[in-house]
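For reference, the chains in residue letters:
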2 protein chains.
Amino acid sequence: MSAEREVDREVDVVVVGAGPVGENVADRAARTGLEVVVVEKELVGGECSYWACMPSKALLRSGQALAAARRLPGAAEAVTGALDAAKVLERRDRFTSGWDDSGQAGWLESAGLGLVRGTARLDGPRRVVVETGEGAVTLTARRAVVLATGSVPVLPGVPGLAESRVWTSREATSAQAVPGRLVVLGGGVVGCELAQAWARLGSRVTLLARSGLLTGQEDFAGELVAAALRADGVDVRFGAQLSRVSRDDAGVHVVLADGSTVDADEFLVATGRRPTTSGIGLETVGLEDGGALEVDDTGLVAGVEGSWLYAAGDVSGRPKLTHQGKYGGRVVGDAITARASGALIGDAPAWSRWTTTADHAAVPQVVFTDPEVAQVGLTAAQARERGIDVKVVDYEIGDVAGASLVADGYTGKARMVVDEQRRVVVGVTFVGQDVAELLHSATIAVVGEVPLDRLWHAVPSYPTISEVWLRLLETYGL
Amino acid sequence: MSAEREVDREVDVVVVGAGPVGENVADRAARTGLEVVVVEKELVGGECSYWACMPSKALLRSGQALAAARRLPGAAEAVTGALDAAKVLERRDRFTSGWDDSGQAGWLESAGLGLVRGTARLDGPRRVVVETGEGAVTLTARRAVVLATGSVPVLPGVPGLAESRVWTSREATSAQAVPGRLVVLGGGVVGCELAQAWARLGSRVTLLARSGLLTGQEDFAGELVAAALRADGVDVRFGAQLSRVSRDDAGVHVVLADGSTVDADEFLVATGRRPTTSGIGLETVGLEDGGALEVDDTGLVAGVEGSWLYAAGDVSGRPKLTHQGKYGGRVVGDAITARASGALIGDAPAWSRWTTTADHAAVPQVVFTDPEVAQVGLTAAQARERGIDVKVVDYEIGDVAGASLVADGYTGKARMVVDEQRRVVVGVTFVGQDVAELLHSATIAVVGEVPLDRLWHAVPSYPTISEVWLRLLETYGL
């Protein structure tokens, strides 16, 4: 019993989860002198570093570059071979450090942060108990506990699916060999990116989607990506309803509601994620398991007295995007510091460093398929739902001189959503090759609420793809 | 004599020069009903379409894409051949339509604009005489005459140079074969871009620069480009002073002041351009030949009474960049229209559609070398010269996760120049692979005068190169 006491610690801040969100919380809170401990039950660096953003883009990038070269006379003739899948997998392994987190754990240490490895759960106000495998550690937080536990994949309740050793995004980003045949269930970002990645690496891929692809985006995004996937040999099937899944020595067998079947070697289920709220002791502080944790714009969890429990990232129900979670993490870290010092009392003003105002106005997202889909702010439909007086402006990116130079037969589309009352841009979507880095221009325009008449003076350099901005503004009527 | 009278015409606006600048003036002025005639002595579309931006980027782009693929394991193995120069030249010929301007002339017509082919000169207030080759046409302008005559290369006064059949940017962008050996004189944008283009197409290139490369930019721009050119096999020599040039059957022979010599098959002189003001009748309206035409922010030429003579683009002494000239052209076209309708009387307010305010605050430029150089607004030195309280923030782009994914060994640098009094960004430079489309984010930040504390909420999507924005703001101290 005395041994247990010895491992009890009191610190300023306990962060549960050492993914990018937890790292950002901890870093921001610690840099003003607060004592911070981070708890991680798997790898420091989290899903993003090992089983999401980094490996998925590593799987995509080489094929994307090769496709770009093939679209250009002069370069195309030099590309005589196929994408070397083994080399791509090796490169992916480098980006994930072979799933060894000692580098990232070293960073935590160098930043002056404490790390406790184990499974954490709340144990009443300001207390976190960590099962370390070598006994329990009880951490008491003087200032705050931050839940950054992320999310886990949701598997649909299809008979046989749970017993068929399916892939989630983890297996699909960490696989050490290219499956001969791959079925992907889900037409969201993960489904689209990994369908294309594995198809280009040599798999025969079937993509099963209930409705269209990338359904939260403007319609043309999913349409252009579907066309590209088909051009890469992916069998894209819409309206797919699963009846049954089974696995035997010959592989996975998927039976659809219409009676058709798909056989494959692996079956990636990419049908969404849910916040990791189960088993983390929420009931000890009067909260319920299951749904996302509701937070205010400083990250404080609703329904808990005393301003000590924060959440950020996927667990919080805010946008499930690494960068947006990191943003939330920075805000939480700064808000804890400001409340500790008395610089922040009560609510924080919008757009201050203590509020995630952009979560409501300007969430950017890039889908790293080829063509890329880059979107920020509101789609036309979302803007109309909010009652905004909307003007929608579309432009074919291929008609921009800069795009025609980037690739022969460049296909892409841009949409600008304007709030006519305020005469500002509230949303932009770009779909096409090499538009990912174009997105931040739109993000700054939306966040900065730069009036259209001022945007007119932001001259895009010639001949870049960015000249689509000029065309959008001209088409708008400037 | 009566025959001559028959070809005299009175119109609202006469635009001299059908390059992109003249086209924009004409288009903007005509869309509100003014009758516009454009005069062109060479090709409709101008330097940019046939001998500058378009062909130079077409010469660069295929090599750039191939280099990108070679930096990626998996893709590199598929690139077994060399850049096919003949195919690149063919593609370049498509972008210049084989130097046939019927397409662009057709566009002028479809836009309701008149075209007179011939050499124009002013003949007193509001009068332009055009030598068409089939007699003179006199055009009288009710509203305005706009000079958009562009610029011509300047050849340095080196003995023998003028007689050595040197290349200017025209020959260097339209050449139908790859020279075995090429000497390039000049370390500016044209010299750097074309040295790399021809080196990658197979020339043995020597680049002679008086001082460094890209000397108007931040120092690291020229340094990174020089390293890249050398890696492409270009012999880059600084401090080069020419003594003598000659040509014989064996090629061109360049003798330097230090006694060293360079022999080559072609010799590109890229040492700057001067405004085309000679021989255009300036003396008939009380102006002098030679220098650039001084204009106010609506494009009106200084020293001419009656608000009828405008200039835009290279001839005006404003930035010699296609996009900035087009911007000036749009402003001039709109100002003419507004003065005609009475909507604009006297001076126009800053940042209105009738002023080229961005010429003073936010001129963007991309150098399409590999690495690209993308810069907008003020360099650190320029900001200090203006007396701004400057904070300079640098960041290695290769340390951004998105950049490390784009290319193994990514090398690049970003600099943000902050006006500490106003807490806004006044200049940004990005150097690195694939940064061209990143520039517009900086242009919008500078033009929109978006405060740093608001930019903090413009979240870059992960993992893009654009995340360098977050790193710059963190490094600044946010």
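Note that the structure is predicted; figures quoted are calculated from it, not measured.

Criteria and thresholds
Residues numbered from 1 in each chain as written. Chains lettered and ligands numbered in written order. Predicted model: local features only at pLDDT ≥ 70, side-chain atom pairs only at ≥ 80, totals over all residues. Heavy atoms only, no water. Helix = DSSP H or I, 4+ residues; strand = E, 2+ residues; numbered from the N terminus. Buried < 20%, exposed > 50% of the residue type's maximum accessible area, 1.4 Å probe, protein only. Contact = heavy atoms within 4.5 Å. Areas by Shrake-Rupley, 256 points an atom, 1.4 Å probe, with all protein chains shown as cover. Lys, Arg positive; Asp, Glu negative; His and termini not counted. Charge placed at Lys NZ, Arg CZ, Asp CG, Glu CD. UniProt positions renumbered as here; feature names shortened; annotations may be inferred. 1 Å grid on protein atoms, 1.4 Å probe; cavity = no way out; pocket = protein on both sides within 12 Å on 5 of 7 lines; lining within 4 Å. Least-squares fit on C-alpha atoms with pLDDT ≥ 70 in both. Points joined across faces, edges and corners; volume = space filled by probe spheres on them. Nonpolar A, V, L, I, M, F, W, Y, C, P; charged D, E, K, R; others polar. Phe/Tyr/Trp six-rings, centres within 6.5 Å; stacked < 30°, edge-to-face > 60°. Lys NZ or Arg CZ within 6 Å of the ring centre and 35° of its normal. Pairing = 2+ DSSP bridges. Axes fitted to C-alpha atoms, helices over the stretch in contact; angles between N-to-C directions. Domains from an automatic or database assignment.

A. Expanded view of the overall build of chain A. Within chain A, the secondary structure is distributed over 16 helices and 21 strands. With respect to the principal axes defined by its C-alpha atoms, chain A has extents near 75 × 65 × 40 Å. Taking all 478 residues of chain A together, 62% fall into the buried category. Of the contacts formed within chain A by residues at least 6 apart in sequence, a portion of 64% connects residues at least 24 apart. For chain A, the accessible area works out to roughly 17300 Å², and carbon and sulfur atoms hold 47% of it. Measuring between centres, the 46 positive side-chain charges of chain A sit 1 Å from its 62 negative side-chain charges.

B. Representation of helix H14 (residues 439-447) of chain A. Of all the nine residues making up H14(A), nine are buried; the element is thus mostly covered by neighbouring parts of the structure. Among the residues trailing H14(A), Glu449(A) stands out with phi positive, at a value near 45°.

C. Structural view of the UniProt feature "binding site: FAD" (unreviewed entry) in chain A. Residue and element names in this part refer to chain A. Within the UniProt annotation, "binding site: FAD" (unreviewed entry) is assigned to Lys 57, Thr 149, Gly 150, Ser 151 and Asp 314. A maximum C-alpha distance of 22.9 Å shows the annotated residues, which cover 258 residues in sequence, to be distributed over more than one spot. The annotated residues named above include Lys 57 as those lining the largest cavity. Note that Ser 151 resides in strand S7 (residues 151-153). By the secondary structure assignment, Asp 314 is in the loop between strand S16 (309-311) and helix H10 (322-341). What makes Asp 314 buried here is its relative accessible area of 18%.

D. Quick peek at the relation of the copies chain A and chain B. With an RMSD of 0.0 Å, the operation that places chain A on chain B is a rotation of 180° combined with a shift of 0.0 Å along the axis. The superposition of one copy onto the other is thereby described by a two-fold rotation axis. Of every C-alpha in chain A, the one belonging to Ser441(A) sits nearest the axis of rotation, 1.8 Å from it. When you check the interface residues of chain A against chain B, 100% turn up at the interface there too, and the contact is symmetric in its surfaces.

E. Empty space enclosed by the protein, seen in detail. According to the stated counting rule, one finds seven cavities of 30 Å³ or more in the structure shown. Computed from the structure, the largest cavity encloses a volume of approximately 270 Å³. As for the largest cavity, its lining consists of 18 residues, and the residues nearest its centre are Asp434(A), Glu437(A), Glu372(B), Asp434(B) and Glu437(B). For the lining of the largest cavity, the secondary-structure elements that each account for two or more residues are helix H4 (53-70) of chain A together with helix H4 (53-70) of chain B. Put simply, the second largest cavity is a space of about 130 Å³. In terms of lining, the second largest cavity is formed by Arg61(A), Gln64(A), Ala65(A), Ala68(A), Gln433(A), Asp434(A), Arg61(B), Gln64(B), Ala65(B), Ala68(B), Gln433(B) and Asp434(B). Those elements giving two or more residues to the lining of the second largest cavity turn out to be H4 of chain A together with H4 of chain B. Classifying every residue of the lining of the second largest cavity gives four nonpolar, four polar and four charged.

F. Region of interest: the packing of aromatic side chains. Tallying each qualifying case throughout the model produces six aromatic pairs over all chains. Taken together, a centroid distance of 6.0 Å and an interplanar angle of 55° make the contact between Trp167(A) and Trp198(A) tilted. Highlighted residues: Trp167(A) in the loop between S7 and helix H7 (169-174) and Trp198(A) in helix H8 (residues 189-200), separated in sequence by 31 residues. Taking the relative accessible area as the measure of exposure, Trp198(A) reaches 0% and is therefore buried. Between the NZ or CZ atom of Arg330(B) and the centre of the ring of Trp456(A), over which it lies, the distance is 5.2 Å. Positioned above the aromatic ring of Tyr476(B), the side-chain terminus of Lys391(B) is 4.6 Å from the ring centre.

G. Broad picture of the sheet that holds strand S8 (residues 181-185) of chain A. Residues and elements named next belong to chain A. Spatial strand order, S10-S9-S8-S14: four strands in an open sheet with parallel pairing. Of all the strands in the sheet, just strand S10 (235-237) and strand S14 (266-269) have a single pairing partner and so form its edges. Adjacent strand axes in the sheet meet at a mean angle of 15°, parallel and antiparallel pairs treated alike. Across five bridges, S8 lies against strand S9 (residues 204-208) in parallel orientation. Paired with Leu 185 across the two strands is Leu 208, which belongs to S9. Docked against the sheet, H8 engages S8, S9 and S14, running at close to 165° with respect to S9.

H. Quick look at the pairing of strand S11 (residues 242-248) of chain B. All names here are of chain B. As defined by bridge partners, S11 adjoins strand S12 (residues 251-256) across six bridges and the pair is classed as antiparallel. Residue pairing in the sheet places Arg 247 in a bridge with Val 252 of S12. The loop that links S11 with its antiparallel partner S12 comprises two residues.

I. Quick look at the side chain of Gln217(B). With respect to the element layout, Gln217(B) can be found in the loop between strand S9 (204-208) and helix H9 (219-231). Ignoring anything within four residues of it in the chain, the contact list for Gln217(B) reads Gln365(B), Val367(B), Val373(B), Gln375(B) and Thr379(B).

J. Layout of the domain arrangement of chain A. Partitioning chain A into structural domains gives domain 1 (2-45 + 101-152 + 274-358), domain 2 (169-271) and domain 3 (371-476). Here domain 1 of chain A and domain 2 of chain A have C-alpha centroids that lie 35 Å from each other.

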